[in-house]
Amino acid sequence: MADSSLVRVRDLKFKQLLVFERVVALGSMHKAAVALHMSQPNVFKIIEQLESLLDVSLFERSSRGVVPTVFAERLLERVKPMLGDARAMGEDLAAIRRVERGHVVVGTLISASARLLPEAITLMKLRHPGVDITVREATNDVLFPMLVVGELDLIIGRLPEESISGVDSYALYDESLVLVVRSGHPLVGQADFALEALLAYPWILPITESPVRAQVEGFFLARGMPIPANRIESLSLLTNLGVLLRSDTVAMLPRAAATPLIESGFLQSLPMDETLRFGTVGYSLRAGRSPTPAGVTFARTLKEIAAGIAAER
């Protein structure tokens with residue numbers, strides 16, 4: 001590294017990097033100021049100081065906000081892990097002082113958002129009310145990069161089929177898919193209906209980017225049936241449930257997600273000629289980094305809830 005570049009790095013201040021990350025994330029000096037409880041002129045001044053120190057332009061400014069330059073995007077790649085480690089360090093020190101507090105940021109997929117995660121959060125808050133829990137729902141292609149750079153403490157849901165660099169994954173239980181419709185659907189009670197009859201109704205399918213999409217499509221192809229032409233593509237559990245309850249739409253849901261809805265009478269399952277595997281449900285952590293004390297406790301709570309779910313199979 002050139003001497004001048006080394007001097008610039010040494011002169012960087014943590015507060016400058018924190019402000020920079022918030023401006024990028026929120027796309028606005030004003031929103032960053034509100035989030036950080038600072039004045040907008042102070043945020044603007046800190047960004048100018050950072051640009052002057054690094055001798056680059058970090059943002060293109062407009063009336064609608066700011067857009068990060070290529071320099072900002074590269075800097076952000078380095079800053080995110082640092083901020084994630086700083087947050088973890090603070091929670092470690094709090095635990096050493098025996099303070100019952102902390103913050104767990106959880107990424108989740110549809111396979112965990114209906115039962116495993118809600119039950120784990122409920123139990124965690126009952127035992128540790130001082131621990132804050134933030135949930136972010138998205139697909140794997142969004143969640144795992146966030147985990148690697150420290151924006152998430154863990155991800156809960158269907159584990160990827162292949163290992164991901166920088167991630168350690170832990171299995172909790174194997175999951176299958178259940179064919180569901182609303183109570184009162186015309187197919188309910190028809191134990192011997194032909195599977196082709198399913199094509200007469202609208203379907204909810206996972207989005208094409210979801211690995212489960214191939215398994216659902218395989219269900220039809222293995223039986224010489226076309227993929228439903230009348231379909232909705234969605235991974236939103238609330239949206240899917242709303243559509244199912246208001247129409248004769250058919251869907252396949254993970255068993256753990258479907259079971260509470262079936263037991264409550266909202267949905268009913270239809271018979272299938274085989275058990276269709278959904279995948280392995282578990283949690284993932286950032287490799288090479290010890291979880292925060294709150295994260296360790298939450299993972300332990302997940303295992304406890306998952307053991308109960310697995311015992312019901």
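Keep in mind it's a predicted model, so treat the numbers as computed, not measured.

Trainee: Just checking my understanding: could you explain the layout of surface pockets for this structure?
Mentor: Rolled over the atoms, a probe sized like a water molecule indicates the empty space that remains. Each pocket or cavity is described by its volume, and for the largest pocket that value is around 480 Å³. As for the largest pocket, its lining consists of 18 residues, of which Glu-21, Arg-22, Leu-83, Arg-87 and Glu-151 are closest to the centre. For the lining of the largest pocket, the secondary-structure elements that each account for two or more residues are helix H2 (14-26), helix H3 (29-36), helix H5 (70-96), strand E3 (102-108) and strand E4 (131-137). In terms of residue count, H5 provides more of the lining of the largest pocket than any other element does, five residues in total. Residues belonging to the lining of the largest pocket are distributed by class as follows: eight nonpolar, four polar and six charged.

Trainee: How should I be thinking about the environment of Met-82 in this particular structure?
Mentor: Summarising the element assignment, Met-82 is placed in helix H5. A relative accessible area of 42% places Met-82 in the partly exposed class. Residues Met-82 and Val-149 lie 67 residues apart in sequence; the distance between their C-alpha atoms is 8.3 Å.

Trainee: What is the right way to read the pairing of strand E2 (residues 65-68) from this model?
Mentor: Side-chain direction in a regular strand flips from residue to residue, so the side chains alternate between the two faces of the sheet. Sheet topology note: the strand E1 (residues 59-62)/E2 ladder contains four bridges and is antiparallel. If you follow Glu-60 over to E2, its bridge partner there is Val-67. Linking E1 to E2, which pair antiparallel, is a turn of two residues.

What counts as what
- Residues numbered from 1 in each chain as written.
- Predicted model: local features only at pLDDT ≥ 70, side-chain atom pairs only at ≥ 80, totals over all residues.
- Heavy atoms only, no water.
- 1 Å grid on protein atoms, 1.4 Å probe; cavity = no way out; pocket = protein on both sides within 12 Å on 5 of 7 lines; lining within 4 Å.
- Points joined across faces, edges and corners; volume = space filled by probe spheres on them.
- Helix = DSSP H or I, 4+ residues; strand = E, 2+ residues; numbered from the N terminus.
- Nonpolar A, V, L, I, M, F, W, Y, C, P; charged D, E, K, R; others polar.
- Buried < 20%, exposed > 50% of the residue type's maximum accessible area, 1.4 Å probe, protein only.
- Pairing = 2+ DSSP bridges.

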